[in-house]
Structures are given as C-alpha cells and as structure tokens.
Amino acid sequence: MSIEENLNSVKESLRSGVTLVAVSKTKPVEYLQKAYSAGQRIFGENKVQEMCEKYEVLPKDIKWHMIGHLQRNKVKYIAGFVDLIHGVDNLKLLKEIDKQALRHNRIINCLLQIKIAEEDSKFGLSKIEALQLMQSADFKNLKNISIQGVMGMATFTNEEDRVRDEFKSLKQISDEFKAEFAKYNDQNSIISMGMSGDYKIAIEEGSNMVRVGSSIFGSRNHQ
Ligand SMILES: *Cc1c(COP(=O)(O)O)cnc(C)c1O
C-alpha cells in the first residue's frame, strides 16, 4: 500500500475529535511530502536535528511535534517553530523551554509525560510528581509555556488487558488534572496516547491524539 492509502485507512479508523500525529522519524522528506499532499499537516519527530532539517525544506504550515526525549541543551534549536512538545517530564526542562520560548516571543505548548508502563526504561512522571511540579512556585513563574495535557506510552506487549489498563490510568490522571489544565486551555485538554500497535485501544480508552508512524510510513530499521 502507498503512504496515501495507509494514511487514509488510519484516518478512517479514528473517531472524530482524535488528532493524528504522523510520526515520520527516520523517514526521508519525500515520504512526508506524500503525506502532506494527501492533507496531513501534523508530523512527529524524535530527534532535534532531524526535525530541524525537515522543517527547513518542507512547507511552513506543517505543525511539528517533538515526541522523543528532549535534551535541555537542544531546546534552543526547535524553540522558534515547534508546535507541541510531548515528552516533558521535569521542571529543569520546562524552565529551559520557557526561557527559549521567551527569546522567540512565543508560548510553547507542552504535554507532561506520565509513566504508565511498568517498564523501567520509559521516561515520565508519576501522578504525584506531575501534580507537585504543576503546583510548585517555580512552575508558576513560567509564563511562556502552556501545559496542554498529558502523554503516555503503554508497555510494549501483546497483553491487551494490560495496555488497556495503562491507557485507562492515563485517562483518569488527565481527568484529575482538568482543573490545572483549565488554566491554559479552555477546551478539552490533550491526551496523547496510542501508536501503530495500540492506537485503537487507546482511542477506546479516551485518547484524543494518536502518534502513528509505521502504519503510515512503513516499518523502521531502528528507532
Ligand atoms: C516512534 C514513536 C511512535 C510511533 O510508533 P509506531 O509504532 O511506528 O506507530 C509514537 N510515539 C513515540 C513516542 C515514538 O517514539
């Protein structure tokens, strides 16, 4: 199947109100161009340099989402154009995003990454840590960031019940954070969960933003 066909079949399987982030990491710009021509405008990348290179050559109405773990010293390279940073999990990083956003005279949208999987390797905050972060005095001084919601990754497993429970827990945390998020966002806050292998389950459990790569662009040799 072609990228256009893959994209359309993924879109058809999304409930209305679910935003599709086309995860284009490791894929050449020609692939993104095809998806762009088919109407896709939101692309997700996980490496700063790769995102910058693609940003330079592709149309400027693309919304770039940073979905990977972002190092503080690299925030400056994307601060001028990034639309949403999904994986924020500490205050030091948020402070740097705020500082760089101020330099560009903009507000940068962020999602707090919540650890819902049991695997140790996954980044993210616990619910308590996220709450403490949002209620800290340091956090309240950050004027150039906007926390739009949460992001999470389920355990990589075939056990559907486990994946479903992890997504349920993120939905519940998001509901509990509604009051905090309402300070930034008078509409529904974002729950970014679901990838190629599990986005249908994620949507059933309340996701309103899915990050789909291989089902659109084909499998990758490496992450
Ligand atoms: C790579 C990646 C995805 C997309 O994964 P696929 O299985 O190819 O759909 C989604 N989210 C994050 C954080 C990723 O790193």
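The notes below deal with the structure included here.

Thresholds applied
Residues numbered from 1 in each chain as written. Predicted model: local features only at pLDDT ≥ 70, side-chain atom pairs only at ≥ 80, totals over all residues. Heavy atoms only, no water. Phe/Tyr/Trp six-rings, centres within 6.5 Å; stacked < 30°, edge-to-face > 60°. Helix = DSSP H or I, 4+ residues; strand = E, 2+ residues; numbered from the N terminus. Buried < 20%, exposed > 50% of the residue type's maximum accessible area, 1.4 Å probe, protein only. Expected span 1.5 Å × (residues − 1). Polar contact = N/O pair within 3.5 Å; in protein donor to acceptor, adjacent residues only side chain to side chain. Pairing = 2+ DSSP bridges. Right-handed = clockwise from strand over helix to strand, strands pointing away.

### Describing the packing of aromatic side chains
Here comes step 1: The final tally for this structure, using the stated rule, is three aromatic pairs.
Here comes step 2: Taken together, a centroid distance of 6.0 Å and an interplanar angle of 35° make the contact between phenylalanine 43 and tryptophan 64 tilted. Of the two residues, phenylalanine 43 is situated in strand β2 (residues 42–45) and tryptophan 64 in strand β3 (residues 63–66); the sequence distance between them amounts to 21 residues. Judged on exposure class, the residue phenylalanine 43 and its partner tryptophan 64 are both buried.

### A short note on helix α5 (residues 91–103)
Here comes step 1: Between its first and last C-alpha atoms α5 spans 18 Å; for 13 residues at 1.5 Å apiece the expected length is 18 Å, and the two agree.
Here comes step 2: Residues of α5 that are buried: Leu93, Leu94, Glu96, Ile97, Asp98, Gln100 and Ala101.
Here comes step 3: Capping the start of α5 is the job of one residue whose side-chain oxygen sits 3.2 Å from the backbone nitrogen of lysine 92: asparagine 90.
Here comes step 4: Taken from the residues just after α5, asparagine 105 is the one with a positive phi, measuring 55°.

### Considerations on the pairing of strand β5 (residues 108–113)
Here comes step 1: Of all six residues in β5, five are buried; the element is thus mostly enclosed.
Here comes step 2: Both strand β4 (residues 84–88) and β5 contribute to a ladder of three bridges, which runs parallel. For valine 88, the partnering residue across the bridge sits in β5 and is leucine 112.
Here comes step 3: As a crossover connection, the stretch from β4 through α5 into β5 is right-handed.
Here comes step 4: The pairing of β5 with strand β6 (residues 145–151) spans six bridges and is parallel. Its bridge partner lying in β6, leucine 111 is registered against glycine 149.

### Description of the environment of lysine 95
Here comes step 1: By the element assignment, lysine 95 lies in helix α5.
Here comes step 2: In this structure, the C-alpha to C-alpha distance between lysine 95 and asparagine 144, residues 49 residues apart in sequence, is 9.3 Å.

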